[in-house]
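Structural overview
One-letter residues, chain by chain:
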Amino acid sequence: MFDASETAAAAPHTDDAWRADFIRRAVARGMPRDEAEQTARKMVRGKTIDLPERMSGRSIGTRGPQAPKLIQPTQTSLFDENDSFVSAGDPGCFSKNELSIITKHLEIHETPPTSEDIAFLSTVMCQVGLPRSEVVEREFFRRSGDAWLMVQAGAIDEGGGPVMQPLPYGPIPRLAIAWLSTYALRNDTREIPVGRSAAEFLRNIGSDDGDTRRHHMLAKQLKSLTACRIQMGFRGITHNPAPMISSLVTFTKGKRGKQRIVWPGVLYMSEEYFKTLQNGATPLDRRAMSALRGSSLCLDIYCFLANRLHRISGKPIVLHWKTLHEQFGQEYGGSSGIKNFKRKFKVAIKSVLAVYPQAKAKIIEGGLQIGSSPPPIAYRTKSIKSK
């Protein structure tokens, strides 16, 4: 997200100028001025809070003649070596994703999660996720160590017989599954209300940015998710093929043959998938997932780290690029597949670590080093169900 190799405007030399530069860029991207000013006050070095240290031991919140050495190239940071924000796009302003990650970073850093901030996802799906981009084939397989996932595309009857559906892919199904899983576990039920409209459901999963095109994408992805059959396995235990969702919405023809969605307000999770949640679910921070909602790769890395880091004991572990590519980057094929994947992963991990400040993970020569870290949400069995 924030890459020191990109160029940016000249770095401000005073806290006031630095703060003004942040406000200018944030407002240019559409953030309300009062919110931009409040965020800037928190981020200026020496004010309100210091942003957390990243890898090299340098506190981004420190400024002045006694500040530690400059950021090392492998350090994950929201800043470049001149303490100036960097954007892959127009250097004069931030993208919406950057603003979201900046604000969520501050919120997570200074505010412990409430019960409403907790989400749950199947432990297996934290290790192996759905396709990240559209897949032409009718079947998808992903494996990571002892965990594996197979997804088979299905069909939906839209009133005139079965209509073949593609495989679900991208961020929306990931966010939807996490929200549905959380509701099911909290309320100990397979009957889940999904709201009165696509817009309401997108708000529920933290993915509504006011773009109506996302409503159509939601409809497409939920149809795919409803139709597909998912098989999961882990250490000798196989969960047989079954739909994750047994029924969701009714699809009918609108005027002029256009599709419209009728929302009955309720879906029913399959009993088989519900059991996998009860047998093992990883708690996640919904604020972090909302900030990462624009990237399937970021969401997958975040869920993996949330499930894996607190299980490490002893010395840090190195995950080599070949292993990471097999788990996260099978979509990057060809002779340059690993090279292209490395470039994308290095950018994605910065965003992930910005919203998972407890994580001890860093890019090193040959791959990713991960060490024992607190989970983003402390494991408490009583926190699963609502009061």
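Quick summary incoming for the structure in this document. (Residues numbered from 1 in each chain as written. Predicted model: local features only at pLDDT ≥ 70, side-chain atom pairs only at ≥ 80, totals over all residues. Heavy atoms only, no water.)

Things to note about empty space enclosed by the protein
- Counted according to the given criterion, the structure contains five cavities of 30 Å³ or more.
- As a volume, the largest cavity reaches approximately 100 Å³.
- Forming the walls of the largest cavity are Leu121, Met125, Gly129, Leu130, Arg174, Ile177, Ala178, Met289, Leu299, Asp300 and Cys303.
- Contributing elements (two or more residues each) for the lining of the largest cavity: helix H5 (171-187) and helix H10 (296-308).
- Counted by class, the lining of the largest cavity contains eight nonpolar, one polar and two charged residues. (1 Å grid on protein atoms, 1.4 Å probe; cavity = no way out; pocket = protein on both sides within 12 Å on 5 of 7 lines; lining within 4 Å. Points joined across faces, edges and corners; volume = space filled by probe spheres on them. Helix = DSSP H or I, 4+ residues; strand = E, 2+ residues; numbered from the N terminus. Nonpolar A, V, L, I, M, F, W, Y, C, P; charged D, E, K, R; others polar.)

Looking at the pairing of strand E3 (residues 147-152)
- Counting buried positions along E3 yields five of six residues, so the element is predominantly enclosed.
- Here strand E2 (residues 139-144) pairs with E3 via six bridges, running antiparallel. By the bridge assignment for E3, arginine 142 is matched with leucine 149.
- If you look at the hairpin formed by E2 and E3, you'll find two residues sitting between the two strands, and glycine 145 has a positive phi there, around 60°.
- Direction of pairing for E3 relative to strand E7 (residues 229-234): antiparallel, over a ladder of six bridges. Its bridge partner lying in E7, methionine 150 is registered against glutamine 231. (Buried < 20%, exposed > 50% of the residue type's maximum accessible area, 1.4 Å probe, protein only. Pairing = 2+ DSSP bridges.)

Some words on the side chain of serine 290
- Along the chain, serine 290 falls in helix H9 (residues 286-291).
- With relative accessibility at 16%, the residue serine 290 sits in the buried group.
- With near-sequence residues (within four places) excluded, serine 290 lies in contact with Ser100, Lys104 and Gly206. (Contact = heavy atoms within 4.5 Å.)

A short note on the packing of helix H3 (residues 96-110) against helix H12 (residues 337-355)
- Remark: H3 packs on H12, axes separated minimally by 8 Å, with the N-to-C direction vectors making an angle of 35°. Two secondary-structure elements touch here, H3 through Ile101, Lys104, His105 and Ile108 and H12 through Ser351, Ala354 and Val355.
- When its residues are assigned to classes, the contact of H3 with H12 shows four nonpolar, two polar and one charged. (Axes fitted to C-alpha atoms, helices over the stretch in contact; angles between N-to-C directions.)

What to know about the nonpolar core
- Of all hydrophobic cores here, the largest spans 81 residues; its most connected members are Leu180, Phe201, Ile301, Tyr302, Leu305 and Phe345.
- Ranked by size, the runner-up nonpolar core spans eight residues in total, among them Phe22, Ala36, Leu99 and Ile102. (Core = buried A, V, L, I, M, F, W, Y, C linked by side-chain atoms within 4.5 Å.)

Comments concerning unusual backbone geometry
- Its identity as a non-glycine residue notwithstanding, aspartate 188 has a phi of 50°, on the positive side.
- Along the chain, aspartate 188 turns up in the loop between H5 and strand E6 (191-193).
- Among the residues examined, aspartate 188 registers a relative accessible area of 43% and is labelled partly exposed.

Some points on the sheet that holds strand E15 (residues 360-364)
- Pairing is antiparallel across the open sheet formed by three strands, whose spatial order is E14-E16-E15. A single partner strand is all that each edge strand has here, and the edge strands are strand E14 (317-320) and E15. Each strand of the sheet is rotated relative to its neighbour by a mean of 25°, with strand direction disregarded.
- By the bridge criterion, five bridges tie E15 to strand E16 (residues 367-371) in an arrangement that is antiparallel. Of the residues in E16, the one forming a bridge with lysine 362 is glutamine 369.
- Set on the sheet, H12 makes contact with E15 and E16; between it and E15 the angle comes to about 160°.

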